[in-house]
Amino acid sequence: VGGGMTALASETDKLASYASGRAVTRRGVDAVTEPVLEAQVFSIVDALTARKTADALRMLQDLLTLQEEPIAILAAMGGQLRRLYAARVLRSDGGARALQELYKLSSYPARSTAETAARLSLRWCARAVELCEQTDYRMKTSYDDPGRLLELLLLTLAAEVAA
C-alpha cells in the first residue's frame with residue numbers, strides 16, 4: 001500500500017479527533033475526510049457513462065473547487081477510460097478477472113469497470129481515450145483554462161455516449 005497507509009492514518013486521526021461520541025457516523029466521515037482523487041474520478045466516469053452528465057459535471061466542479069490540479073484530474077480520468085477500453089477489449093477473454101490481473105485491481109473496481117464497459121461500444125471507449133489524449137495536449141500547449149477543457153471533455157464524452 002505504500003503511501004496509502006500514511007494517508008489512511010492521517011484521515012483516521014482527523015476522524016477520531018472529530019468524533020464526539022463512541023461511534024463514528026457517516027456525517028462525521030463526510031465532514032472531515034477527503035475522498036481519494038481516483039475514487040472521485042471513478043464516480044465521475046461512472047455518472048458520465050450512465051448518462052448523468054449533470055452529476056458528472058457537478059463532481060468535476062467539486063474537485064476544481066477543492067483546488068485539485070486539472071492535470072491530475074485528467075490523468076486519473078485517462079486511467080479510468082483506458083481501463084474501460086481494456087475491459088471492453090477483454091470482454092470475451094476473461095472479463096473482470098483479466099482486467100483485475102492486468103491492472104492489479106481488487107475485485108469490486110474490476111467487476112464494476114467490466115460491467116460499465118459491457119454497456120459501451122468499443123468505438124466509444126477508443127474515442128474516449130483519444131479525446132483524453134487531445135485534452136492533455138491542449139492543457140499543455142494552449143492558454144485555455146484547464147478547468148474549461150475538462151468540462152468540454154466531459155460534455156463531448158457525454159454527447160458521444162448518447163449517440
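The sections below set out a description of the structure shown in this document. (Residues numbered from 1 in each chain as written. Predicted model: local features only at pLDDT ≥ 70, side-chain atom pairs only at ≥ 80, totals over all residues. Heavy atoms only, no water.)

### With respect to the overall build of the chain
Turning to step 1, where the next piece is worked out: Helix and strand content of the chain: 9 helices and 0 strands.
Turning to step 2, where the next piece is worked out: The order of α-helices and β-strands along the chain, N terminus first, is α-α-α-α-α-α-α-α-α.
Turning to step 3, where the next piece is worked out: A burial count over the chain gives 36% of its 163 residues as buried.
Turning to step 4, where the next piece is worked out: In the chain, the proportion of contacts linking residues at least 24 apart, taken out of those at least 6 apart, comes to 62%. (Helix = DSSP H or I, 4+ residues; strand = E, 2+ residues; numbered from the N terminus. Buried < 20%, exposed > 50% of the residue type's maximum accessible area, 1.4 Å probe, protein only. Contact = heavy atoms within 4.5 Å.)

### A short note on the packing of helix α5 (residues 70-89) against helix α6 (residues 95-103)
Turning to step 1, where the next piece is worked out: At their nearest, the axes of α5 and α6 sit 9 Å apart, and the two run at 135° to each other. Taken together, the axes of α5 and α6 lie oblique to each other. Here the hand of the crossing between α5 and α6 comes out right-handed. Residue-level inspection shows Arg82, Arg83, Ala86 and Ala87 of α5 in contact with α6, the latter providing Leu99, Leu102 and Tyr103.
Turning to step 2, where the next piece is worked out: Of the residues in the contact of α5 with α6, the class split is 5 nonpolar, no polar and 2 charged. (Axes fitted to C-alpha atoms, helices over the stretch in contact; angles between N-to-C directions. Parallel < 35°, antiparallel > 145°, perpendicular 65-115°, else oblique. Left-handed = near helix turned anticlockwise from the far one by under 90°. Nonpolar A, V, L, I, M, F, W, Y, C, P; charged D, E, K, R; others polar.)

### Considering the nonpolar core
Turning to step 1, where the next piece is worked out: Ranked by size, the top nonpolar core spans 37 residues in total, and within it Val41, Ile44, Ile73, Met77, Leu81, Trp124 and Leu157 carry the most contacts.
Turning to step 2, where the next piece is worked out: Put simply, the parts of the chain that give this core at least two residues each are α3 (37-49), α4 (53-65), α5, α7 (107-118), α8 (122-141) and α9 (146-162).
Turning to step 3, where the next piece is worked out: Element by element, the count of residues in this core is highest for α5, at 8 residues.
Turning to step 4, where the next piece is worked out: Not counting chain neighbours up to four residues away, the residues in contact with Trp124 comprise Thr49, Leu81, Leu84, Leu157, Glu160 and Val161. (Core = buried A, V, L, I, M, F, W, Y, C linked by side-chain atoms within 4.5 Å.)

### Thoughts on α6
Turning to step 1, where the next piece is worked out: All of the buried residues along α6 are Gly95, Ala98 and Leu99. Down the axis of α6, the buried side of the element spans an arc of 100°, and every buried residue falls inside it. Exposed and oriented more than 90 degrees from the buried face of α6 are Arg97 and Glu101.
Turning to step 2, where the next piece is worked out: Among the structural elements, α5 and α7 are those in contact with the buried residues of α6.
Turning to step 3, where the next piece is worked out: Among the residues trailing α6, Lys104 stands out with phi positive, at a value near 55°. (Arc of directions from axis to C-beta.)

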